[in-house]
Every structure is written in C-alpha cells, then in structure tokens.
Amino acid sequence: MAVIGSGPAGFYTAYKVMSKIENSVVDMYEQLPVPFGLVRFGVAPDHPEVKNCQDKFEEVAESPRFNFVGNISIGNQVGALPLRSLLPHYDAVLFAYGASRDRALGIEGEDTLKGIYSARAFVGWYNGLPEYSKLAPDLTLGEEAVVIGQGNVALDVARILLQDPEILKETDITTNAIQTLRKSKVKRVRVVGRRGPMQGAFTIKEVRELMKFPSVAFHPVDTSLIPDDITKLPRPTKRIMEVLKKGSGASVSTAPKSWSLDFCLSPKSFIPNTESPTQLGTMSFEKTTLDPDAFSLGAKAVGTGEVVDVPASLAFRSIGYKSEPLSEFSELGIPFNDRSGIIPNDHLGRVVNDAPDWTDEKRAKHLPGMYCAGWVPFLNSQGGDALGWDGMKDEAEKRGCRRVSWEDWKKIDGVERSKGQESGKVREKFTKVEDMLAVLD
C-alpha cells in the first residue's frame, strides 16, 4: 500500500493495516524531507504532550515492512512522481495529504490590506513549515488584534500572541518567531465568532489555559448568552460555561494585556487605517441574533443589520481549512468536490461520484474500489505488479527526485535536537528544505 502524506491519518492507517494484514508493506510518500505533518507543523509549540503520538509513529516506521519516501511530491508537476505511474505498483493507495488551503471570508479589503493573515499561515510560520518561512508577520503595527473564528486554532493564535516569549523560547517554536514576538506591540486580542458561547467550537483546555495567564486579563462575556441554570447542561458545555463565568485572575484595569471572546458578530469588511491607507485599521461587523435562541446548541446566526466597528491593526482569519485535489485527479477519474474541499463520500467510507446530488444517499453512485478515511479516499488499483517503491525507483531517478529515507530523517532529527540543546530548547527546526537536505550531503 502507498500512503500519500505522513501526518496522523497516514500513520494511524499504516499502523492498522500493518497490524491487521499479515505481510502487508506500506510505502509512505511525503513531499517534505521530514515526517509527521500536522503534529510537527500544526500542534502548538506549548502543547508538547499532544505530540506524544510521534512515539507510536516511530514504532510504525521502525518496522521492516515500512518505507518512508520523503522529499517526493506526487503529481504531474516538474520534479514530482505522477500518480498514474504510482498506481500500477500498489494494491491500494491511501490519500492522506491533509488540507492545504484555508477558507477565505470573501469580504472587502481581505486581499488588499496589510496586516491580514490566515491562521494556517501564521501557525505554519511559527511552527517552521517551509511554505511559510518567509511570511514575516509584522506584529508592531498596533496594539489591537482580531482573530476571526472561535475554534481551537483561533485560541492557539491568541495564546501565542499573548504568551511571554521567554516562556515560549523553551519550546520547539522557531527562533525567528521568538524574535518577532519579542518585538510585538499587541496588547489586546479579540476572538470573534458569529454565534454565542453555547455554540462555540473551542474546548475547555484552550480556554482555561488562557484564563490562567498571570498578566493577561479576560473581558467578561455577555451573561445573557449563558443560561441562568447551567447545572443541567451536558458536562463539556457546563464546564466551559463555568470557566467563562469565572473569568481570569488578572484584572482588565491593571493587566498589561487582555483578551476577549466576542460573540454574535459576523465580519463585513476590513477598513484601511486612516493614516496608512494600505494597512488595516478597523474591522466592520454585523451584529447577529441566534435562532431559535441563544441556548440551543445548534442555533443559527441571523444578521440584524446593525453594524459595529472594531479597532484592528492585525487580523487573523481562522474559519477552517479545505483540501485540494492532486493535479491528476480529474484525468484519472478521481472525484473531488471543490466547493466543500472534500472527496465525495457516503460517510460510510465509500467514495461516490461528484454529481450535483452526490449528498443524496439514494442517488449517489459508488465508485468501485474507492473508499474514504475522513477527508481522504482509499483507492484500490486494478491489479498490477505491486512492486511498491522498488518499482518506482527508476522513475523517480529519471524525474530528478531525491528520496529521503527514514534513516535520513533520523539524521535531520538528530541535528535539530542538537541545535535546540545549544539554546536550551527541545529542538531547533529547519525552516527551509535546502537546509534539511544539506544535513545529508
């Protein structure tokens, strides 16, 4: 089996296949020279416990039935391996390459003003993702920052902006990020959502963590959005409401920094700074009301027509991610729904056609041999030699691909850890592919 992508989905599937199917062999293809995907580049640096799953992944990778094929992209672009040449050499292919695009708001000023970033880019930047190594966010533009969206990634962004850089420097956050955060002028962060606290996508751990920052205060929430009696709420919701009502230990009047969860606001436009017309100065929001009421977990936000402006020198868009199809999907007849950013499926693991009515279980047509795991499909090839990577080596060499093996990754890993120890941190990540490969030369 070939697995395209080396994040958690790929590794957990490889583990299951190798443990359930005797003599199965897994080749894992990764476009970067380093593995672990979201665990390395998405998990917040101050949450190292979340990265403990790497121990299991390393156990999988040490098996003689596992091959890591790093630094090789799949597609028809220059320097990549075409998917069509891969299929005949495997009994099955699992697409596990994740979501590479963030969702846009589609509002005025979003693409033209400086100071507006996607949360995906910002998180990738401070976590050392090569794609965003040159992002260079300017955190000196002003004191007011707005994060649009109220999921855990949004709270990660708020926490990194508000945390003491001297605490973060001991994590695996990049040195470049620490230097930038030390210069930051951000003192006030608003985390804004269209609905209320009862419908929030964040979890208690992330909220509680921010509440415990000694020098960061929390602005009280509108209590009319919280039921008077929370004792009968589902336990997770009840605990969050308790934390929100209690607030932080620090006082808004004396703390040097503060944050808030601003509810029932829908973004309308980004407005230029009056003194610097190319930079963000204000965000315009429409107030919303909740239907059928503020306490229903599935309540929908409905615009009221009333608009409020919020000062903002920086804005971070955190409203979800989308997957993109590989370049040969259309040519090979593999369906992809661009509107939703997913591969059409019946939610039971079977890929379906991408006709307009594909969400209708009675009308959707299953594609023989194709299955789904979450966001990605599991594709049975139609026979072939099933030689795996051994059958691909010559093709890879012809196309100028340089494979990074698991042993090569361990060398890169060792250098990163060694450099980190020199500055008192877990590791110092390489943020450029060429620097990773230089370790192997």
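Residues numbered from 1 in each chain as written. Predicted model: local features only at pLDDT ≥ 70, side-chain atom pairs only at ≥ 80, totals over all residues. Heavy atoms only, no water.

Visitor: Just checking my understanding: could you explain the sheet that holds strand β12 (residues 280–291) for this structure?
Guide: Strands belonging to one sheet form pairs held by backbone hydrogen bonds; the direction of such a pair is parallel or antiparallel. Read from one edge of the open sheet, three strands run β11-β12-β13, paired in antiparallel fashion. The sheet terminates laterally at β11 (265–272) and β13 (300–311), the two strands that pair on one side only. Strand-to-strand twist across the sheet, computed as the mean angle between neighbouring axes with direction ignored, equals 20°. Relative to β13, β12 runs antiparallel, the two sharing nine bridges. The residue bridging Ser284 from the neighbouring strand is Asp309, located in β13. (Pairing = 2+ DSSP bridges. Helix = DSSP H or I, 4+ residues; strand = E, 2+ residues; numbered from the N terminus. Axes fitted to C-alpha atoms, helices over the stretch in contact; angles between N-to-C directions.)

Visitor: Sorry, what's going on with the confidence of the model for the chain here?
Guide: When pLDDT drops low, the exact placement of atoms in the prediction is not to be read closely. With 91% of its residues at a pLDDT of 70 or more, the chain shows a mean pLDDT of 91. A low-confidence stretch, residues 374–384 (pLDDT under 50), is modelled with 44 contacts involving residues beyond four sequence positions or located in other chains. (pLDDT = per-residue confidence, 0-100. Contact = heavy atoms within 4.5 Å.)

Visitor: How should the packing of helix α9 (residues 204–211) against helix α10 (residues 235–246) be read in this particular structure?
Guide: Any two packed helices are characterised by how steeply their axes cross, that is the angle between the axes, and by the distance between the axes. Axis separation between α9 and α10 bottoms out at 10 Å; the angle between their running directions is 15°. As summarised for this structure, α9 and α10 are arranged roughly parallel, according to the angle between their axes. Crossing angle aside, the handedness with which α9 passes α10 is left-handed. Note on element contacts: α10 touches α9 through Arg239, Ile240, Val243 and Leu244, opposite Ile204, Val207, Arg208 and Met211. (Parallel < 35°, antiparallel > 145°, perpendicular 65-115°, else oblique. Left-handed = near helix turned anticlockwise from the far one by under 90°.)

Visitor: Explanation requested: the packing of aromatic side chains in the structure shown.
Guide: In this description, an aromatic ring pair is defined by two values, namely the gap between the centres and the angle between the planes. Counted by the stated rule, this structure contains 19 aromatic pairs. Measuring from ring centre to ring centre gives 5.7 Å for Phe11 and Phe66, while their planes differ by 20°; the resulting arrangement is stacked. Of this pair, Phe11 sits in helix α1 (residues 8–20) while Phe66 sits in strand β3 (residues 66–70), and the two are 55 residues apart along the sequence. For the pair Phe11 and Phe66, one class covers both residues: buried. (Phe/Tyr/Trp six-rings, centres within 6.5 Å; stacked < 30°, edge-to-face > 60°. Buried < 20%, exposed > 50% of the residue type's maximum accessible area, 1.4 Å probe, protein only.)

Visitor: Is there a simple way to explain the packing of helix α6 (residues 152–162) against α9 in this structure?
Guide: Following both chains from N to C, one finds α6 and α9 inclined at 20°, their axes separated by 10 Å at the closest point. The pairing of α6 with α9 is recorded here as roughly parallel in orientation. Handedness of the crossing formed by α6 with α9: left-handed. Judged by residue contacts, Asn152, Leu155, Asp156, Ala158, Arg159 and Leu162 of α6 engage Glu206, Val207, Glu209 and Leu210 from α9. Classifying every residue of the contact of α6 with α9 gives five nonpolar, one polar and four charged. (Nonpolar A, V, L, I, M, F, W, Y, C, P; charged D, E, K, R; others polar.)

Visitor: Before we go on, may I ask you to explain unusual backbone geometry in this structure?
Guide: For residues that are not glycine, phi is negative in most cases, and the peptide bond is trans in most cases. Of note, the bond from Asp291 into Pro292 is cis; its omega dihedral lies within 30 degrees of zero at 10°. One can find Pro292 in the loop between β12 and β13. You will see that Phe36, though not glycine, has its phi angle at about 90°, which is positive. By relative accessible area, which is 2% here, Phe36 ends up buried. In the Ramachandran plot, Cys264 falls in the positive-phi region, its phi being about 55° despite a non-glycine side chain. In this fold, Cys264 is placed in the loop between β10 (257–262) and β11. Judged by its relative accessible area of 10%, Cys264 is buried.

Visitor: Could you clarify how one ought to interpret the nonpolar core in this entry?
Guide: The tendency in soluble globular proteins is for nonpolar side chains to be buried as a group. In terms of nonpolar packing, the biggest core is built from 82 residues, with Phe66, Val189, Trp259 and Phe316 touching the most fellow members. In terms of residue count, α6 provides more of this core than any other element does, seven residues in total. Membership of the second largest hydrophobic core comes to 22 residues, among which are Ala2, Leu81, Tyr90 and Val93. (Core = buried A, V, L, I, M, F, W, Y, C linked by side-chain atoms within 4.5 Å.)

Visitor: Would you mind going over the pairing of β10 with me for this structure?
Guide: Two faces, one strand: in a regular strand the side chains alternate between the faces of the sheet. Of all six residues in β10, five are buried; the element is thus mostly enclosed. Two elements, strand β8 (residues 188–192) and β10, share five bridges in a ladder whose sense is parallel. Along β10, the bridge assignment pairs Arg190 with Ser260. Pairing between strand β9 (residues 216–218) and β10: three bridges, direction parallel. Each residue of the ladder has a partner; that of Ala217, found in β10, is Ser258.

Visitor: Sorry if this is basic, but what is going on with the sheet that holds strand β7 (residues 144–148) here?
Guide: Here we have six strands laid out as an open sheet, ordered β6-β14-β7-β8-β10-β9, and parallel in their pairing. Each of the sheet's edge strands pairs with one partner strand only, and the pair in question is β6 (116–118) and β9. Ignoring strand direction, the axes of neighbouring strands in this sheet form an average angle of 20°. Relative to strand β14 (residues 314–317), β7 runs parallel, the two sharing four bridges. Paired with Val146 across the bridge in β14 is Ala315. In the packing of helix α5 (residues 119–126) onto the sheet, the strands contacted are β6 and β14, and the crossing angle to β6 comes to about 75°.

Visitor: What is the right way to read α1 from this model?
Guide: Relative to the 18 Å expected for 13 residues at 1.5 Å per residue, α1 spans 18 Å between its end C-alpha atoms, a close match to the ideal helical length. Contacts made by the buried residues of α1 are with β1 (2–4), β2 (26–30), α3 (54–61), β3, β4 (92–95) and α13 (406–422). (Expected span 1.5 Å × (residues − 1).)

Visitor: Explanation requested: the pattern of salt bridges in the structure shown.
Guide: Once their charged atoms are close, side chains differing in charge can pair, the charge on each being opposite to the other. Tallied over the full model, the rule gives 27 salt bridges. A salt bridge links Glu143 to Lys187; its shortest N-O distance comes to 3.7 Å. One end of the pair, Glu143, is in the loop between α5 and β7; the other, Lys187, is in the loop between α8 (175–182) and β8, with 44 residues separating them in the sequence. Arg190 serves as the salt-bridge partner of Asp262, at 3.4 Å between the closest nitrogen and oxygen. With a gap of 72 residues between them, Asp262 in strand β10 and Arg190 in strand β8 connect regions that are remote in the sequence. Arg190 matches Asp262 in its accessibility class, with the two residues each being buried. Through salt bridges that share partners, Asp46, Glu49, Asp156, Arg159, Lys205 and Glu209 make up one connected network. (Salt bridge = Lys/Arg side-chain N within 4 Å of Asp/Glu carboxyl O.)

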